[in-house]
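One letter stands for each residue in the lines below.
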Amino acid sequence: MPENCIISTPEDLKNKNIKIVLASESPRRKALLARIGLKEPYIEIRASHAEEYAPPGLNPREIVEKISREKAEAVSAAPDEMIIAADTMVFLDNLKLGKPENCDDALNMLLKLQGRRHTVRTGVTIRRDNIYLTDSEQTDVIFRQASRDELTRYIATGEPLDKAGAYGIQGRGALLVERIDGDYTNVIGLPLPLLSRMLARFGVILL
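Rules used throughout
Residues numbered from 1 in each chain as written. Predicted model: local features only at pLDDT ≥ 70, side-chain atom pairs only at ≥ 80, totals over all residues. Heavy atoms only, no water. Helix = DSSP H or I, 4+ residues; strand = E, 2+ residues; numbered from the N terminus. Contact = heavy atoms within 4.5 Å. Areas by Shrake-Rupley, 256 points an atom, 1.4 Å probe, with all protein chains shown as cover. Axes fitted to C-alpha atoms, helices over the stretch in contact; angles between N-to-C directions. Parallel < 35°, antiparallel > 145°, perpendicular 65-115°, else oblique. Left-handed = near helix turned anticlockwise from the far one by under 90°. Nonpolar A, V, L, I, M, F, W, Y, C, P; charged D, E, K, R; others polar. Salt bridge = Lys/Arg side-chain N within 4 Å of Asp/Glu carboxyl O. Buried < 20%, exposed > 50% of the residue type's maximum accessible area, 1.4 Å probe, protein only. Polar contact = N/O pair within 3.5 Å; in protein donor to acceptor, adjacent residues only side chain to side chain. Phe/Tyr/Trp six-rings, centres within 6.5 Å; stacked < 30°, edge-to-face > 60°. Lys NZ or Arg CZ within 6 Å of the ring centre and 35° of its normal.

### Regarding the overall build of the protein
At step 1: Regarding its fold elements, the protein presents seven helices and seven strands.
At step 2: The N-to-C order of helical and strand elements in the protein reads α-β-α-β-α-β-β-α-β-β-α-β-α-α.
At step 3: C-alpha atoms of the protein, sized along the principal axes, occupy 55 × 35 × 25 Å.
At step 4: Counting only contacts in the protein whose residues sit at least 6 apart along the sequence, the fraction spanning at least 24 positions is 69%.
At step 5: When the accessible area of the protein is evaluated, it comes to approximately 10300 Å², of which 48% is carbon and sulfur surface.

Structural data, given as C-alpha coordinates:
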(Lines give C-alpha, C1' and ligand atoms only; values in the text may rest on other atoms or scores of the structure.)
Protein backbone atom coordinates (compact mmCIF):
# COMPACT_ATOMS: atom_id res chain seq x y z
CA MET A 1 0.00 0.00 0.00
CA PRO A 2 1.18 3.59 -0.62
CA GLU A 3 2.75 5.17 2.44
CA ASN A 4 4.06 8.45 1.04
CA CYS A 5 1.14 10.69 1.97
CA ILE A 6 0.56 10.95 5.71
CA ILE A 7 -2.73 12.72 6.39
CA SER A 8 -3.91 13.43 9.91
CA THR A 9 -6.68 16.01 9.48
CA PRO A 10 -9.38 16.72 6.88
CA GLU A 11 -7.46 19.86 5.86
CA ASP A 12 -4.50 17.64 5.00
CA LEU A 13 -6.72 15.86 2.51
CA LYS A 14 -7.22 19.15 0.71
CA ASN A 15 -3.52 19.98 0.87
CA LYS A 16 -2.67 16.61 -0.65
CA ASN A 17 -5.40 17.07 -3.30
CA ILE A 18 -7.18 13.92 -2.17
CA LYS A 19 -10.95 13.69 -2.08
CA ILE A 20 -12.73 10.85 -0.30
CA VAL A 21 -15.82 9.57 -2.07
CA LEU A 22 -18.44 7.65 -0.11
CA ALA A 23 -20.09 5.24 -2.55
CA SER A 24 -23.37 5.27 -0.66
CA GLU A 25 -26.40 7.48 -0.21
CA SER A 26 -26.96 6.15 3.31
CA PRO A 27 -27.47 9.09 5.68
CA ARG A 28 -26.27 6.88 8.52
CA ARG A 29 -22.88 6.23 6.89
CA LYS A 30 -22.53 9.90 6.03
CA ALA A 31 -23.26 10.83 9.65
CA LEU A 32 -20.72 8.32 10.96
CA LEU A 33 -17.98 9.78 8.75
CA ALA A 34 -18.90 13.27 9.91
CA ARG A 35 -18.33 12.14 13.53
CA ILE A 36 -14.65 11.57 12.74
CA GLY A 37 -14.21 14.79 10.77
CA LEU A 38 -14.79 13.43 7.27
CA LYS A 39 -17.54 15.65 5.94
CA GLU A 40 -18.19 18.05 3.10
CA PRO A 41 -16.26 19.62 1.44
CA TYR A 42 -13.61 16.97 2.15
CA ILE A 43 -15.81 14.10 1.06
CA GLU A 44 -18.34 13.61 -1.71
CA ILE A 45 -21.36 11.33 -1.83
CA ARG A 46 -21.54 9.34 -5.05
CA ALA A 47 -24.06 6.50 -5.05
CA SER A 48 -22.98 3.13 -6.38
CA HIS A 49 -25.55 1.33 -8.49
CA ALA A 50 -23.86 -2.06 -8.38
CA GLU A 51 -26.18 -5.04 -8.21
CA GLU A 52 -26.21 -6.41 -4.65
CA TYR A 53 -26.02 -10.06 -5.61
CA ALA A 54 -23.89 -12.91 -4.36
CA PRO A 55 -23.97 -16.44 -5.79
CA PRO A 56 -25.07 -19.34 -3.59
CA GLY A 57 -22.45 -21.05 -1.47
CA LEU A 58 -20.72 -17.99 -0.08
CA ASN A 59 -20.52 -17.46 3.68
CA PRO A 60 -21.60 -14.13 5.27
CA ARG A 61 -18.10 -12.65 5.20
CA GLU A 62 -17.60 -13.55 1.55
CA ILE A 63 -20.98 -12.09 0.61
CA VAL A 64 -20.52 -8.62 2.12
CA GLU A 65 -16.89 -8.35 1.02
CA LYS A 66 -17.79 -9.30 -2.55
CA ILE A 67 -20.62 -6.78 -2.74
CA SER A 68 -18.60 -3.96 -1.15
CA ARG A 69 -15.83 -4.47 -3.72
CA GLU A 70 -18.33 -4.44 -6.57
CA LYS A 71 -19.82 -1.23 -5.19
CA ALA A 72 -16.35 0.35 -5.22
CA GLU A 73 -15.71 -0.87 -8.75
CA ALA A 74 -19.00 0.59 -10.01
CA VAL A 75 -18.13 4.18 -9.06
CA SER A 76 -16.14 6.27 -11.51
CA ALA A 77 -13.18 7.99 -9.89
CA ALA A 78 -10.48 10.49 -10.77
CA PRO A 79 -6.82 9.76 -9.86
CA ASP A 80 -7.03 12.03 -6.79
CA GLU A 81 -10.12 10.31 -5.38
CA MET A 82 -10.30 7.57 -2.76
CA ILE A 83 -13.47 5.48 -2.84
CA ILE A 84 -15.07 4.01 0.31
CA ALA A 85 -17.79 1.43 -0.29
CA ALA A 86 -19.63 -0.70 2.25
CA ASP A 87 -22.31 -3.35 2.43
CA THR A 88 -24.10 -4.30 5.65
CA MET A 89 -26.21 -7.41 6.12
CA VAL A 90 -28.02 -9.10 8.99
CA PHE A 91 -27.74 -12.87 9.37
CA LEU A 92 -29.74 -15.22 11.56
CA ASP A 93 -28.30 -18.74 11.60
CA ASN A 94 -26.27 -17.70 8.50
CA LEU A 95 -29.48 -16.85 6.63
CA LYS A 96 -29.64 -13.29 5.30
CA LEU A 97 -32.35 -10.94 6.53
CA GLY A 98 -32.71 -8.10 4.05
CA LYS A 99 -34.96 -5.05 4.12
CA PRO A 100 -38.60 -5.97 4.75
CA GLU A 101 -40.97 -5.78 1.82
CA ASN A 102 -43.85 -4.50 3.94
CA CYS A 103 -45.11 -4.27 7.52
CA ASP A 104 -46.05 -7.96 7.70
CA ASP A 105 -42.59 -8.95 6.50
CA ALA A 106 -41.02 -6.64 9.11
CA LEU A 107 -43.10 -8.25 11.86
CA ASN A 108 -42.08 -11.74 10.77
CA MET A 109 -38.40 -10.75 10.85
CA LEU A 110 -38.63 -9.16 14.28
CA LEU A 111 -40.51 -12.14 15.71
CA LYS A 112 -37.68 -14.41 14.52
CA LEU A 113 -35.10 -12.21 16.25
CA GLN A 114 -36.83 -12.11 19.65
CA GLY A 115 -34.69 -13.45 22.49
CA ARG A 116 -32.02 -14.59 20.05
CA ARG A 117 -28.52 -13.72 18.90
CA HIS A 118 -27.96 -12.63 15.33
CA THR A 119 -24.99 -11.29 13.41
CA VAL A 120 -24.45 -7.99 11.63
CA ARG A 121 -21.60 -8.09 9.13
CA THR A 122 -20.29 -5.16 7.09
CA GLY A 123 -17.90 -5.46 4.19
CA VAL A 124 -15.72 -2.41 3.49
CA THR A 125 -13.66 -1.71 0.37
CA ILE A 126 -11.27 1.19 -0.17
CA ARG A 127 -10.14 1.90 -3.72
CA ARG A 128 -7.39 4.25 -4.89
CA ASP A 129 -6.67 4.06 -8.60
CA ASN A 130 -6.34 0.31 -9.25
CA ILE A 131 -5.48 -0.61 -5.66
CA TYR A 132 -8.25 -2.26 -3.65
CA LEU A 133 -8.34 -3.14 0.03
CA THR A 134 -11.31 -5.16 1.32
CA ASP A 135 -12.13 -6.36 4.82
CA SER A 136 -15.17 -6.86 7.03
CA GLU A 137 -16.39 -6.56 10.61
CA GLN A 138 -18.82 -8.72 12.57
CA THR A 139 -20.97 -7.75 15.56
CA ASP A 140 -23.32 -10.05 17.44
CA VAL A 141 -26.60 -8.51 18.56
CA ILE A 142 -28.86 -10.09 21.18
CA PHE A 143 -32.51 -9.06 21.25
CA ARG A 144 -34.62 -9.10 24.39
CA GLN A 145 -38.00 -10.82 24.34
CA ALA A 146 -40.48 -8.16 23.21
CA SER A 147 -44.24 -8.53 22.96
CA ARG A 148 -46.05 -8.66 19.65
CA ASP A 149 -47.77 -5.40 20.60
CA GLU A 150 -44.43 -3.67 21.15
CA LEU A 151 -43.17 -4.86 17.78
CA THR A 152 -46.34 -3.71 16.04
CA ARG A 153 -46.03 -0.24 17.57
CA TYR A 154 -42.37 -0.10 16.54
CA ILE A 155 -43.20 -1.00 12.95
CA ALA A 156 -45.89 1.72 12.93
CA THR A 157 -43.12 4.32 13.36
CA GLY A 158 -41.88 3.41 9.87
CA GLU A 159 -38.30 3.07 11.09
CA PRO A 160 -37.87 -0.65 10.30
CA LEU A 161 -39.03 -0.52 6.69
CA ASP A 162 -35.74 0.56 5.10
CA LYS A 163 -33.42 -1.33 7.44
CA ALA A 164 -31.84 -4.75 6.99
CA GLY A 165 -33.26 -7.02 9.66
CA ALA A 166 -36.16 -4.57 10.14
CA TYR A 167 -34.60 -2.47 12.90
CA GLY A 168 -32.30 0.50 13.40
CA ILE A 169 -30.09 0.33 16.47
CA GLN A 170 -29.37 4.06 16.23
CA GLY A 171 -33.08 4.81 16.63
CA ARG A 172 -36.01 3.28 18.48
CA GLY A 173 -34.77 -0.17 17.52
CA ALA A 174 -32.27 0.19 20.35
CA LEU A 175 -35.16 -0.49 22.72
CA LEU A 176 -35.34 -4.05 21.39
CA VAL A 177 -31.67 -4.81 22.01
CA GLU A 178 -30.50 -6.50 25.18
CA ARG A 179 -26.79 -6.23 24.40
CA ILE A 180 -24.21 -6.34 21.63
CA ASP A 181 -20.85 -8.08 21.36
CA GLY A 182 -18.61 -6.05 19.10
CA ASP A 183 -18.49 -2.71 17.32
CA TYR A 184 -21.62 -0.55 17.64
CA THR A 185 -20.85 1.53 14.54
CA ASN A 186 -20.74 -1.67 12.52
CA VAL A 187 -24.41 -2.31 13.36
CA ILE A 188 -25.26 1.19 12.11
CA GLY A 189 -23.58 0.45 8.80
CA LEU A 190 -19.91 1.48 8.79
CA PRO A 191 -17.36 0.07 11.28
CA LEU A 192 -15.24 3.11 12.08
CA PRO A 193 -12.34 1.36 13.87
CA LEU A 194 -11.91 -1.02 10.93
CA LEU A 195 -12.19 1.84 8.44
CA SER A 196 -9.54 3.78 10.35
CA ARG A 197 -7.11 0.86 10.17
CA MET A 198 -7.77 0.41 6.47
CA LEU A 199 -7.30 4.12 5.67
CA ALA A 200 -4.03 4.08 7.60
CA ARG A 201 -2.68 1.61 5.05
CA PHE A 202 -3.24 4.30 2.42
CA GLY A 203 -1.47 6.91 4.54
CA VAL A 204 -4.63 8.53 5.90
CA ILE A 205 -4.22 8.70 9.68
CA LEU A 206 -7.42 9.74 11.42
CA LEU A 207 -6.11 9.64 14.99
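### Some remarks on the packing of helix α4 (residues 103-113) against helix α5 (residues 148-156)
At step 1: Axis separation between α4 and α5 bottoms out at 10 Å; the angle between their running directions is 135 degrees. Taken together, the axis directions place α4 and α5 in an arrangement best described as oblique. In the packing of α4 onto α5, the handedness of the crossing is right-handed. Contacts between α4 and α5 involve Cys-103, Ala-106, Leu-107, Leu-110 and Leu-111 from the first element and Arg-148, Leu-151, Thr-152, Tyr-154 and Ile-155 from the second.
At step 2: Of the residues belonging to the contact of α4 with α5, the class tally is eight nonpolar, one polar and one charged.

### Observations concerning the pattern of salt bridges
At step 1: Summed over all chains, the structure comprises 15 salt bridges.
At step 2: In this structure, Glu-44 and Lys-19 form a salt bridge, with 3.5 Å as the shortest nitrogen-oxygen distance. With Glu-44 in strand β2 (residues 43-45) and Lys-19 in strand β1 (residues 19-22), this pair connects stretches of sequence that are 25 residues apart.
At step 3: Overall, the relative accessible area of 29% leaves Lys-19 in the partly exposed class.
At step 4: The residue Asp-135 makes a salt bridge to Arg-61 at a minimum N-O spacing of 3.1 Å. Here the residue Asp-135 occupies a position in strand β6 (residues 131-143), and Arg-61 occupies one in helix α3 (residues 60-73), the gap between them amounting to 74 residues.
At step 5: A residue is classified by how much of its surface remains accessible, and Asp-135, at 25% relative accessible area, is partly exposed.
At step 6: Among the charged side chains, a network of salt bridges with common partners joins Lys-19, Glu-44, Arg-46 and Glu-81.

### Side note on the side chain of Ser-26
At step 1: Mapping Ser-26 onto the fold places it in the loop between β1 and α2 (27-35).
At step 2: Reaching out from Ser-26, the side chain makes a polar contact with the backbone nitrogen of Arg-29 at a distance of 3.2 Å.

### Considerations on the packing of aromatic side chains
At step 1: In the structure shown here, the tally under the stated rule is one aromatic pair.
At step 2: With centroids separated by 4.8 Å and ring planes inclined at 70 degrees, the aromatic side chains of Phe-143 and Tyr-167 adopt a geometry described as edge-to-face. One end of the pair, Phe-143, is in strand β6; the other, Tyr-167, is in the loop between α5 and β7 (177-181), and 24 residues separate them in sequence. Grouping residues by exposure puts Phe-143 and Tyr-167 together as buried.
At step 3: Positioned over the ring face of Tyr-132 is Arg-69, at 4.0 Å from the centre of the ring.

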